[in-house]
Amino acid sequence: MNATPPAASDVIVLKALISVSDKTGILEFAQALHALGIRLLSTGGTAKLLADAGLPVTEVADHTGFPEMLDGRVKTLHPKIHGGLLARRDVPEHMSALKAHAIDTIDLLVVNLYPFEATVAKPGCTLEDAIENIDIGGPAMVRSAAKNWKDVGVLTDASQYAGVLDELKAEGKLTEATKFALSVAAFNRISQYDGAISDYLSGIQADGAHSLFPGQANGRFIKLQDLRYGENSHQQAALYRDLHPAPGSLVTAAQLQGKALSYNNIADADAAWECVKTFTESACVIVKHANPCGVAVGVDALEAYSKAFKTDPTSAFGGIIALNCTLDEAAAQQIAKQFVEVLMAPAFTPGALAVFKSKVNVRILHIALPPGGNTAWKQGRNLMDVKRVGSGLLMQTADNHELALADLKVVSKLQPTPAQLQDLLFAWKVAKYVKSNAIVFCGGGMTLGVGAGQMSRIDSARIAAIKAANAGLDLAGSAVASDAFFPFRDGLDVVVDVGATCVIQPGGSMRDEEVIAAADERGVVMVLSGVRHFRH
């Protein structure tokens, strides 16, 4: 399309059809189009808005010679609309057909769709509400214009208005590159819209209730960036985000400095960030190969980091560090003494950023906590987890269970002290983010030893004890969390032998009584959480 006025002897007036549900910015956009000499067509409420503002606008019903009908369900489904959008200007037969049927070309289409997604997101939305917000004419016009992109520019979002106007004013036309990009965006929007409809309708069960797992799952993700490679150098990879990402999630991060994030950086950073968000106190989580190797809380970032680092200095080398509090200069100076791949926090002081300015390879991410701060962290969590399996998907609700003090069931004869209860809750919170089988020793608001990913729970217990010994940490009086029940008493004996005095585990084994009896025999506290946290 070309907005430059043609010679008087061959006047061709460009036409724009505007039909929008969301009228944000549309009046100003239409005024600018009119100023460029582009003729305006419009429908219903949009036409009234433009006319009331003094713009010359032709209603679609007048253009087609056919009135809107069926409560507006039919208004643009007409050959004078779709012929004008679909006709190829470079095909003489197309242009002859338009002339024979007195059909004008339409050169610019501006459409956004009925708010189906917003409607079904409202509490109490009925099936009738949903059905009446399924747009028919809008998607049909968008598809026609997007298919004929070489001749028609199609806009589907208000964010596109400014760029299109700038190009029309500067170049007198839209370039093929711009029209193709608009076409791709249009087809993406239609895909998103149809996917939302499919998700909603196929999730309705026979009793009218809505299932968490629809009959057809339609993933809708937007690519953020290509990655250098995947988990290994021979694999290709890219990072995508949800169409509407949760606030405070990793994909909302802004990278302040450093090399591009790798596939493994992103996976480990997500594990660290999801864990650190669960704490209300100032906290630090250090992750290596998807497992926390040090977690601690403190009065500030420096104390939290220093305690977390003590857990396993060897594994922390080249690790991912996440804080849920402002990183200041003192903490930055301490962190800078170690090799760190990624450092993330909700805020950084200028002094902290200055510390890392010379360490150009360190990736620094700023991630805002969810609205309300880390006390409202649940707003920034995934609602569903998805895992790819051969030619299929495993889908489940995310493990967002939170354990409260009142949920604990003391099953040992020995009762826990208030300090032990706090240590047990801390250990349990960390164990949730450790790969199964998970055994976590904690004490004084920090991890002391972490055993992860072993085929037997007793091996995880032994590894956790070995790591604590290697770090020079005393396990006497420590609290231990096991992400699943002890199948035999041997795992309990291992942790008690190295100094644990209280244990939290889900319970549920056929040998629970044997394990509880062993706790009483060894003189340690045992509490049950009633829920397990396998992490595979």
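Residues numbered from 1 in each chain as written. Predicted model: local features only at pLDDT ≥ 70, side-chain atom pairs only at ≥ 80, totals over all residues. Heavy atoms only, no water.

## Observations regarding the overall build of the chain
- Per the secondary structure count, the chain includes 19 helices and 21 strands.
- Rg of the C-alpha trace for the chain: 31 Å, well past the compact-globule value of 24 Å for 536 residues, more than 25% over.
- Counting only C-alpha atoms and orienting by the principal axes, one finds that the chain spans roughly 100 × 60 × 45 Å.
- Residue burial in the chain is summarised as follows: out of 536 residues, 48% are buried.
- Entry remark: accessible area of the chain is about 25400 Å², with carbon and sulfur atoms responsible for 54%.
- For the chain, the distance from the average position of its 48 positive side-chain charges to the average position of its 55 negative side-chain charges is 4 Å. (Helix = DSSP H or I, 4+ residues; strand = E, 2+ residues; numbered from the N terminus. Rg over C-alpha atoms; globule rule 2.2 N^0.38 Å. Buried < 20%, exposed > 50% of the residue type's maximum accessible area, 1.4 Å probe, protein only. Areas by Shrake-Rupley, 256 points an atom, 1.4 Å probe, with all protein chains shown as cover. Lys, Arg positive; Asp, Glu negative; His and termini not counted. Charge placed at Lys NZ, Arg CZ, Asp CG, Glu CD.)

## Structural notes on the nonpolar core
- In terms of nonpolar packing, the biggest core is built from 53 residues, with Leu 323, Leu 327, Ile 335, Phe 356, Phe 441, Leu 492 and Val 495 touching the most fellow members.
- It is helix H17 (residues 457-470) that contributes the most residues to this core, 5 residues altogether.
- What Leu 323 contacts, discounting residues up to four positions off in sequence, is Trp 273, Val 276, Ala 283, Cys 284, Ala 301, Ile 335, Leu 343, Met 344, Ala 345 and Pro 346.
- Membership of the second largest hydrophobic core comes to 48 residues, among which are Ala 269, Val 276, Phe 426 and Ala 427. (Core = buried A, V, L, I, M, F, W, Y, C linked by side-chain atoms within 4.5 Å. Contact = heavy atoms within 4.5 Å.)

## Let's talk about the packing of aromatic side chains
- Tallying each qualifying case throughout the model produces 7 aromatic pairs.
- Ring plane angle 45° and centroid distance 5.5 Å describe the contact between Phe 279 and Phe 426, whose orientation is recorded as tilted. A residue pair is termed long-range when its members are at least 10 positions apart, and Phe 279 in the loop between helix H11 (263-276) and strand E9 (282-288) and Phe 426 in helix H16 (residues 418-431) qualify at 147 residues. Accessibility classification places Phe 279 together with Phe 426 in one group, the buried group.
- What links up through ring pairs into an aromatic cluster is the set Phe 116, Tyr 193 and Tyr 200.
- Sitting over the ring of Phe 279, Lys 429 keeps its end group 4.9 Å from the ring centre. (Phe/Tyr/Trp six-rings, centres within 6.5 Å; stacked < 30°, edge-to-face > 60°. Lys NZ or Arg CZ within 6 Å of the ring centre and 35° of its normal.)

## Here we look at the pattern of salt bridges
- Here the structure, examined in full by the defined rule, presents 16 salt bridges.
- Across the salt bridge formed by Asp 52 and Lys 48, the nearest N and O atoms sit 2.8 Å from each other. Here the residue Asp 52 and the residue Lys 48 both occupy positions in helix H2 (residues 44-52), the gap between them amounting to 4 residues, near one helical turn. Like Asp 52, the residue Lys 48 is exposed in the burial classification.
- One salt bridge in this structure joins Asp 493 and Arg 522, with 3.1 Å as the shortest N-O distance. Taken as a pair, Asp 493 in helix H18 (residues 490-497) and Arg 522 in helix H19 (residues 512-522) lie far apart in primary sequence, 29 residues in all.
- Judged by relative accessible area, which is 16%, Asp 493 ranks as buried.
- Judged by its relative accessible area of 30%, Arg 522 is partly exposed.
- Residues joined by salt bridges that share partners form a network here, namely Arg 489, Asp 493, Asp 497, Glu 521 and Arg 522. (Salt bridge = Lys/Arg side-chain N within 4 Å of Asp/Glu carboxyl O.)

## Here we look at the sheet that holds strand E20 (residues 500-505)
- Taken together, the 6 strands give an open sheet; going across it, the order is E16-E21-E20-E19-E17-E18, and neighbouring strands pair in mixed fashion. Two strands bound the open sheet, and with one partner strand each, they are strand E16 (409-410) and strand E18 (447-451).
- One ladder, built from 4 bridges, connects E20 with strand E21 (residues 525-528); its direction is parallel. Pairing of Ile 504 across the sheet is with Val 527, part of E21. (Pairing = 2+ DSSP bridges.)

## What about the side chain of Asp 312?
- Relative to the elements of secondary structure, Asp 312 occurs in the loop between helix H12 (301-311) and helix H13 (313-316).
- Looking at Asp 312, the relative accessible area reads 9%, which means it is buried.
- What Asp 312 contacts, discounting residues up to four positions off in sequence, is Cys 293 and Lys 467.

## Thoughts on the packing of helix H4 (residues 79-86) against helix H8 (residues 137-147)
- One can describe the packing of H4 onto H8 by two numbers: an axis separation of 8 Å at closest approach and a directional angle of 25°. Between H4 and H8, the interaxial angle falls into the category roughly parallel. Residues Ile 81, His 82, Leu 85 and Leu 86 of H4 pack against Ala 140, Met 141, Ser 144, Ala 145 and Lys 147 of H8.
- Considered class by class, the residues forming the contact of H4 with H8 number 6 nonpolar, 2 polar and 1 charged. (Axes fitted to C-alpha atoms, helices over the stretch in contact; angles between N-to-C directions. Parallel < 35°, antiparallel > 145°, perpendicular 65-115°, else oblique. Nonpolar A, V, L, I, M, F, W, Y, C, P; charged D, E, K, R; others polar.)

## Here's the deal with the confidence of the model for the chain
- Averaged over all residues, the pLDDT of the chain is 90; the fraction at 70 or higher stands at 96%.
- This model gives residues 3-12 a pLDDT under 50, and the stretch forms 8 contacts once residues within four places in sequence are excluded. (pLDDT = per-residue confidence, 0-100.)

## Describing the sheet that holds strand E4 (residues 108-112)
- Strands sit in the order E3-E2-E1-E4-E5 across an open sheet of 5 strands; the sheet is parallel. Two strands in the sheet have a free side with no partner beyond their single neighbour: strand E3 (57-59) and strand E5 (153-155). Taking the axes of each pair of neighbouring strands and ignoring which way they run, one obtains an average angle of 20° across the sheet.
- Strand direction decides the pairing type here: strand E1 (residues 15-20) and E4, joined by 5 bridges, are parallel. The residue bridging Ile 18 from the neighbouring strand is Val 110, located in E4.

## Points about a nonpolar patch on the surface
- Together, Leu 212, Phe 213, Val 386, Leu 393 and Met 395 make up a nonpolar patch on the protein surface, roughly 470 Å² of accessible area in all.
- Among the secondary structure elements, Met 395 is positioned in strand E15 (residues 392-397).
- Its relative accessible area of 33% is what places Met 395 among the partly exposed residues. (Patch = residues over 30% accessible without salt bridge, like charges linked within 9 Å, V, L, I, M, F, W, Y side chains within 5 Å.)

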